Amino acid sequence: MSRSAWAASVRQLRGTIAAQRHHDESDEQLLHAFLVRHEETAFTALVRRHGPMVMGVCRRVLGHVQDAEDVFQATFLVLARRAAAVRDKAALASFLHGTAYRLALRAKRTAARRRQHERQAPTRSTDDPSDKLLWREVRTLLDEEIGRLPDIYRSVFVLCCLENLSRAEAARRLGIKEVTVWSRLAGARKRLQRQLSRRGVELMALLTATALATQTASAFPAALLAKTTAAALMVNSSPPLLSIGKAKLMAVLLLVGGLASAASLWACRGFPTSAVPPSQLNAQEEKDRSVPRTSQEQKKQTIEIRGRVLGPDGEPVKGARLYSARLRRMFPHDDAVVARAQTDPTDAKGRFRLRVNKPGEDEYAYLLAHAAGFGVDWINLGEDDLSSEVTLRLVKDVPITGRVVNTEGRPVAGVSVSVARIFVPANEKLDDYLSGWHGGQMKFFDSLSSVRKRLYAPLDAVSGAATTDKDGRFTLHGAGGERIVHVAFSGGGVARTTPYVIARSGFDAKPYNAALQKDEDGRKFVEWNRFHLYPSDFTFVAEAGKTIEGTIKDAASGKPLPGCRVVITTSYAHGTTAVSDAEGKYRLEGIAKSRRGYDVGVRPPKHSTYLYGEGRRVADTPGFTKVRLDFELVKGAIVTGRAVDKQTGKGVRCYFRSVPLPDNKFIGSKPGFDLRDGDMSREIEAGEDGHFRLVTIPGKALLAAGVREEKRFHGERLNLYRQAGPDPAHKDIFKEHDDTWIVRTAPNNRFEILSLYNAVKVIDVKENGETRVELSVDRGATARIAVQDAGGKPLAGAWTAGLTDCWPITYKLPEATATVYALNPDKPRMMAFFHAEKKLGGTAVVRGEEKEPLVVKLRPVGTVSGRLLDGDGNPLEGVEVSIVAQTDIGRELYRFAPTGNLSVTDTEGRFRLEGVVPDLKFTLNLRRGRTFFVGERSIGARQLKPGEILDLGDVRTKQRN
């Protein structure tokens, strides 16, 4: 054997061994190996592991395979350059998903501009094979909405639903309990369903489409894998290790460079940077109190909480006050409210009982307890269990004191200082958090992501704020000791800044900050005051703030527009807002200087006739010279009307959405009507009587309504109304696809899917005056079911899928009888059932015409067993075998009911699934880690009879390509 052949064999053997070694390593371990030891095989393992998901995102957005491959490489080059800045390395899949989506959007916009410049009317053809079967435009919505999920939900959803990991594997990857994965995944689905429903998209349809498309994307070429890894090493090495084509590499690197900062912001997006001035909070509080409510209405909109407040020693705290705090999750935080709950102080046993407003869907909502001399404690009203008595434990307080000086060392008076946020480290061990600051970038960012309890609401109305005196001094109380506290500085001419304070007496921050300054990125963070620790008594050097000012006018008349809210969303200035005065003038003050410029948008007054102002980026000016930015808003057309119950004629609380149709002649007819930002209207909510008013562009449009007035079924929301069907007067523009109706709309040529609306109508919005529309939502028919066991006795506690028409459709029935809602006699509904304790299951078909309760007799569930072998006949150990139902009803039942539809093969390759619901068709999914298997001879779709035991025997398998 020649020397070159021998060397090639050795390299191949080393690669094989390394791949086997990396297979079971976590993302964090692989990143560490790549960053510290520069292991090519570690990075290759990451590309193999997450490549199918990333390629799926790229293809869904771009459609063209070559473009998708370019952005695929760019995504992993961003990872190579910014690996150390990934905040939560256990959630790497979430980081890659967000990076891929943003890079793909930028590439898509660049291509569109290029085509326009070259006057090439036809768009680039799509050659993604999956687009012949599925709706690429619809699937892209899923990636957009995933990016809007909170971090804890996004990570779990990407792993379980896009990368098809089991709950157990996702829990291992993220370092959390499996039950936590279950709850977060359910929360992610609910949030996605809610958001997608507003855009007329059904989550189940998207997940099915995405799963099929990901299978196509999973087979990305080996050459692409090699090029991607090589380019990553080139980025991280000097001199370059090899060449992959200078022109292509430079193009990809330019794309990466343009988004590297954006990717780092994505990694750190869990740290919002704004607080709301107390004046706004107090004004909003008084406004809320001034609205009269009947006792019945108040009870409907509130929840009762019982509990007690304890001190650090576990003893009851008498006289503690309870506060309700809420803050919008999305910027700007202009609707923040911190209001004292209507309750007496805690009694001698520390007990309290009160009612607070229910948390909104897009709010951080908390209940805080505070007493003089202690640090606050809180619970999250949207996430913590409130069904039983809650306990709030106050902590020893460490006052935060200090002095504010300018860059010349002179004291600054009149600066507002407040506690903006509080982070409690994991297991309340502050030393574990601090150790990361000594361990280099890897441990540093792991430390930042280790926080498990966070309060994002300011304490101004709870324990008070402060204003620096003539010597620049201030004192804050109530944040508590052994915590990480974000202290917000604003006003007094300084830039709005929120440094980290370690609330511990005698803490010395110098060694920690010195350790961070050892690397380039660390120095940048310290310079930005972003990740610079301060002790509880410190001097803060505040930079002068920038000012952005301008005028907002009517685009047609030039008249000034008062009452418009101007919002800046630039990093480190998120949520800074101002309202235009009577002359249309606004002034944003205290903005940290940014070499990248500033992103600013305008929101017209709530009841105005103007469309939203386009978000614009304005360049920075030299030094601290003011930035000038004027806006001209365009008037839209007004649509008013009402949603009514078809059966009762009464108004129904809905959300409404108006979307222009492709043949709308007003699209692009004048500035502001070019659909640049997609939809031309705000999604708005109607009142309890169903009346609504929205602003959109004139012309032909689809008006859709989704019911918000939902019944509660033992604590879970339940929609009583049928899904929307086509407008009978325009049925030709609606198409039926996979048992649902779709219609193409103008914004980005997207589809609206009717299955998650409850009514739609094609309207022609008048250019002048109001267009009045009435929509009718249909309850449909109802039926009663009676669930029985195999012996004919009433059976409570069964899970059922199909209780209503709109998602969610799966519930646990606490009683043996239940009502089935929103039925259509012309389209019978199949329902599926499973009883966990009795191991019974079955199906039933309900029409809505039944005169008597439909008896559903459950039978023993079936069992599937077998033995998995590889191609050589050796047993496959550790393969997850799971049930995949072939209908939406079945999939929903298996998703939520504890059927035990997962088994892992033992050392002999054997598996056994004992919760197979009779009469539901299913297939088996076989996977181990990132590897999927199929039978050499297809196992195929199966269906079991009650109590049937299906033994598949020895099943030879092969890896699925």
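Refer to the structure presented above.
What counts and how
Residues numbered from 1 in each chain as written. Predicted model: local features only at pLDDT ≥ 70, side-chain atom pairs only at ≥ 80, totals over all residues. Heavy atoms only, no water. Pairing = 2+ DSSP bridges. Helix = DSSP H or I, 4+ residues; strand = E, 2+ residues; numbered from the N terminus. Axes fitted to C-alpha atoms, helices over the stretch in contact; angles between N-to-C directions. Expected span 1.5 Å × (residues − 1). Buried < 20%, exposed > 50% of the residue type's maximum accessible area, 1.4 Å probe, protein only. Contact = heavy atoms within 4.5 Å. Salt bridge = Lys/Arg side-chain N within 4 Å of Asp/Glu carboxyl O. Parallel < 35°, antiparallel > 145°, perpendicular 65-115°, else oblique. Left-handed = near helix turned anticlockwise from the far one by under 90°. Nonpolar A, V, L, I, M, F, W, Y, C, P; charged D, E, K, R; others polar. Core = buried A, V, L, I, M, F, W, Y, C linked by side-chain atoms within 4.5 Å.

Student: Help me out: how do you make sense of the sheet that holds strand S30 (residues 691-696) in this one?
Tutor: Strand pairs in the sheet, formed through backbone hydrogen bonds, run parallel or antiparallel to each other. Here three strands make up an open sheet; going across it, the order is S30-S27-S38 and the pairing mixed. In the strand order of this sheet, the two ends are held by S30 and strand S38 (770-777), each with one partner. For this sheet the average axis-to-axis angle between neighbouring strands, irrespective of direction, equals 25°. As paired elements, strand S27 (residues 637-645) and S30 share six bridges and run antiparallel to each other. Residue Gly641 lies in a different strand from S30, and its bridge partner there is Phe692.

Student: Could you clarify how one ought to interpret helix H7 (residues 151-162) in this entry?
Tutor: Along an α-helix, residues three or four apart share an orientation, since each turn contains 3.6 residues. With twelve residues, H7 extends 15 Å from end C-alpha to end C-alpha; this agrees with the ideal 16 Å at 1.5 Å per step. Among the twelve residues of H7, ten are classified as buried, and the element is accordingly described as predominantly covered. Buried within H7 we find Tyr153, Arg154, Ser155, Val156, Phe157, Val158, Leu159, Cys160, Cys161 and Leu162.

Student: Would you take a moment to explain the pairing of S38 for this structure?
Tutor: The two faces of a sheet get side chains in turn, since along a regular strand they alternate between them. Alternating residues of S38 divide into Thr771, Val773, Leu775 and Val777, all buried, and Glu770, Arg772, Glu774 and Ser776, none buried. Note: S27 against S38, eight bridges, orientation parallel. Bridged to Thr640 within S38 is Arg772.

Student: Would you mind showing me how to read the environment of Thr228 here?
Tutor: Within the secondary structure, Thr228 sits in helix H11 (residues 222-235). Taking the C-alpha atoms as reference points, Thr228 and Leu77, 151 residues apart in sequence, are found 7.6 Å from one another. Excluding residues within four positions of it along the chain, Thr228 makes contact with Phe43, Val47, Phe72, Gln73 and Phe76.

Student: Got a minute to help me understand the pattern of salt bridges in this structure?
Tutor: Side chains that differ in sign of charge can pair as their charged atoms come close. This structure, assessed with the given rule, holds 25 salt bridges. With its nearest N and O atoms 2.7 Å apart, the salt bridge here joins Arg351 to Glu389. Here Glu389 lies in the loop between strand S7 (377-380) and strand S8 (390-393) and Arg351 lies in strand S4 (residues 351-357), a separation of 38 residues in the sequence. For Arg351, a relative accessible area of 36% gives the class partly exposed.

Student: Explain the packing of H7 against helix H8 (residues 167-174) to me, please; I cannot follow it from the model alone.
Tutor: Helices that pack against each other are described as a pair by the angle of their axes relative to one another and the distance between those axes. Two elements in contact, H7 and H8, have axes separated by 10 Å at closest approach and are oriented at 135°. Judged by the inter-axis angle, H7 sits oblique to H8. Read as a crossing pair, H7 and H8 show a hand that is right-handed. Note on element contacts: H8 touches H7 through Ala170, Arg173 and Leu174, opposite Ser155, Val156, Leu159 and Cys160. Of the residues contributing to the contact of H7 with H8, the split by class is five nonpolar, one polar and one charged.

Student: Sorry, what's going on with the nonpolar core here?
Tutor: One recurring pattern in soluble globular proteins is that nonpolar side chains are buried together. Core analysis: the biggest nonpolar cluster contains 53 residues, and Met53, Val54, Phe76, Leu79, Leu96 and Phe157 have the highest contact counts within it. For this core, the secondary structure elements donating two or more residues are helix H2 (27-37), helix H3 (40-62), helix H4 (65-82), helix H5 (92-117), helix H6 (136-146), H7, H8 and helix H9 (178-197). The leading source of residues in this core is H3, at twelve residues. In this structure, Phe474, Ile484, Tyr500 and Ala509 belong to the second largest nonpolar core, which totals 47 residues.

By themselves, these observations are geometric and do not establish any function.
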